[in-house]
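Topology and contacts: notes
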Amino acid sequence: MKPLELVADCGRCTGLCCVLLPFRADSGFGTDKAGGDPCHHLAADDRCGIHSVLRASGWPGCTVFDCFGAGQHLTEHTYAGRSWRDPGANRAEMGAVLSVLRLLHEAAAHLDEAVRRDPAPRDAATLLGEVTERAGGIPDELLALDLDDLMPRVSAALRAASSRVRGDGRPSYARADLAGRDLRRDDLRGADLHGSTLIAADLRGVDLDDADLLGADVRDADVRGSDLSRALFLTRPQVAAMRGDGGTRLPAGMPAPGHWPAGDRGGGAAGRRGAAQE
Ligand code: SF4
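Residues numbered from 1 in each chain as written. Predicted model: local features only at pLDDT ≥ 70, side-chain atom pairs only at ≥ 80, totals over all residues. Heavy atoms only, no water.

A few words now on the overall build of the protein chain. Scanning the protein chain for helices and strands turns up eight helices and zero strands. By its C-alpha atoms, the protein chain is 60 × 45 × 30 Å across when sized along the principal axes. The burial tally for the protein chain puts 49% of its 278 residues in the buried class. Restricting the contact set of the protein chain to residue pairs at least 6 apart, pairs at least 24 apart contribute 45%. Surface accessibility of the protein chain: about 12,700 Å² in total, with carbon and sulfur atoms responsible for 48%. The averaged location of the 41 negative side-chain charges in the protein chain is 3 Å from the averaged location of its 34 positive side-chain charges. (Helix = DSSP H or I, 4+ residues; strand = E, 2+ residues; numbered from the N terminus. Buried < 20%, exposed > 50% of the residue type's maximum accessible area, 1.4 Å probe, protein only. Contact = heavy atoms within 4.5 Å. Areas by Shrake-Rupley, 256 points an atom, 1.4 Å probe, with all protein chains shown as cover. Lys, Arg positive; Asp, Glu negative; His and termini not counted. Charge placed at Lys NZ, Arg CZ, Asp CG, Glu CD.)

As structure tokens, then:
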């Protein structure tokens, strides 16, 4: 079974997130629009007309979205090259399928990391195979998928992997409200921060080696000079929502967001219709 591609490649997609998903202006999308309506900035070649100035134009929400590769998967495999522009295309169905596929790709990204990091990754490996197989289904199969059964099993496998990677005796802030907190003096190596609220937390210079950030809300968390290179379950959308700089260390292969201050950070822009468009 071929592994899923887990990084968005917008050049092989048809701007699906810009069409099929609903936008809300108060969530950073510049305007309200319904799912199925093309964004008015989407050009005829399916590229974003304001990609290089999204933040300055009041569209920061676009820069923190990531489909984890679901967009090109849907375009090339699930609908075999058929576009939302084609006569008779069922955009509502495509939107629902994209939502399911995005969940599966995000789950696969985390399971893939668990397999690489966990010393005993058997459950994660088995589930990664199952998720990969499910993602290869036709639209009807994807829409009939029992996510209420699958996702809790994924969560349990990730939690178990996290415990083994982090080891014993590490601090737990799972689901804690740490918004705005100054955490610069805390030892967060191996900390359990999954599901925590770290909005605008001060993490400058903090070493987050093996810290579990699964599902943490890190909007505007200040990670200038921090070491995130071995943080667990860190995603591109999370990184894009943080405030970093040239001194922030990121995992190998994860580019620094284009809106971070320039420096020695070795990457391009991340996010919705991101690097692949540049
Ligand atoms: S992020 Fe890129 S690949 Fe993913 S749905 Fe949007 S346009 Fe397509």
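Attention now goes to the pattern of salt bridges. This structure, assessed with the given rule, holds 28 salt bridges. Between Asp 192 and Arg 166 there is a salt bridge, and its shortest N-O distance comes to 3.8 Å. Of this pair, Asp 192 sits in the loop between α7 (147–166) and α8 (236–241) while Arg 166 sits in helix α7, and the two are 26 residues apart along the sequence. Using a relative accessible area of 13% as the deciding quantity, one classes Arg 166 as buried. One salt bridge connects Arg 204 with Asp 202, and the closest N-O pair in it is separated by 2.7 Å. Taking relative accessible area as the criterion, Arg 204 reaches 32% and is therefore assigned partly exposed. Through salt bridges with shared partners, one network takes in Asp 182, Arg 184, Asp 202, Arg 204, Asp 222, Arg 224 and Arg 243. (Salt bridge = Lys/Arg side-chain N within 4 Å of Asp/Glu carboxyl O.)

Attention shifts here to the packing of helix α3 (residues 70–78) against helix α4 (residues 91–117). Geometry of a packed helix pair, given as the angle between the helix axes and the separation of the axes. The N-to-C vectors of α3 and α4 enclose an angle of 120°; their axes lie 9 Å apart at closest approach. Our classification of the angle between α3 and α4 gives oblique. Note on packing geometry: the crossing formed by α3 with α4 is right-handed. Contacts between α3 and α4 involve Ala 70, Gly 71, His 73, Leu 74 and Thr 78 on the former and, on the latter, Met 94, Val 97, Leu 98, Leu 101, Arg 102 and His 105. Residues of the contact of α3 with α4, tallied by class, amount to six nonpolar, four polar and one charged. (Axes fitted to C-alpha atoms, helices over the stretch in contact; angles between N-to-C directions. Parallel < 35°, antiparallel > 145°, perpendicular 65-115°, else oblique. Left-handed = near helix turned anticlockwise from the far one by under 90°. Nonpolar A, V, L, I, M, F, W, Y, C, P; charged D, E, K, R; others polar.)

Between the first and last C-alpha of α7 there are 28 Å, a value that for 20 residues agrees with the 28 Å anticipated at 1.5 Å per step. Within the sequence span of α7, burial applies to Leu 150, Met 151, Val 154, Ala 157, Leu 158, Ala 161, Ser 162, Val 165 and Arg 166. Down the axis of α7, the buried side of the element spans an arc of 155°, and every buried residue falls inside it. Each element contacted by the buried residues of α7 is listed here: α4 and α5 (122–135). Two to three positions downstream of the cap, the backbone nitrogen of Asp 148 sits 3.2 Å from a side-chain oxygen, assigning the N-cap of α7 to Asp 146. (Expected span 1.5 Å × (residues − 1). Arc of directions from axis to C-beta. Polar contact = N/O pair within 3.5 Å; in protein donor to acceptor, adjacent residues only side chain to side chain.)

Note on placement: Glu 76 falls in helix α3. Those residues in contact with Glu 76 that sit more than four places away from it in its chain are Arg 12 and Gly 81. In this structure the side chain of Glu 76 is engaged in a polar contact, spanning 2.8 Å, whose partner is the side chain of Arg 12.

Turning next to the nonpolar core. Among the nonpolar cores identified, the biggest contains 50 residues, and Trp 59, Leu 74, Leu 104, Leu 111 and Val 154 are the most heavily contacted of them. Taken together, the elements giving at least two residues each to this core come down to α1 (16–20), α3, α4, α5 and α7. Of all the elements, α4 adds the most residues to this core, at 10 residues. When residues of this core are assigned to domains, at least three fall in each of domain 1 (10–165) and domain 2 (169–263). Sequence-distant contacts of Leu 104, defined by excluding residues within four places in its chain, comprise Val 131, Arg 134, Ala 135, Leu 142, Leu 145, Leu 147, Leu 150 and Met 151. With 25 residues, the next largest nonpolar core counts Ala 191, Leu 198, Val 206 and Leu 213 among its residues. (Core = buried A, V, L, I, M, F, W, Y, C linked by side-chain atoms within 4.5 Å. Domains from an automatic or database assignment.)

As a further point, take the packing of α5 against α7. At a minimum axis distance of 9 Å, the contact between α5 and α7 shows a crossing angle of 150°. The orientation of α5 relative to α7 falls into the category roughly antiparallel. By crossing handedness, the relation of α5 to α7 is classed as left-handed. Residue-level inspection shows Asp 123, Ala 124, Leu 127, Glu 130 and Val 131 of α5 in contact with α7, the latter providing Leu 150, Arg 153, Val 154 and Ala 157. Taken together, the residues of the contact of α5 with α7 sort by class into six nonpolar, no polar and three charged.

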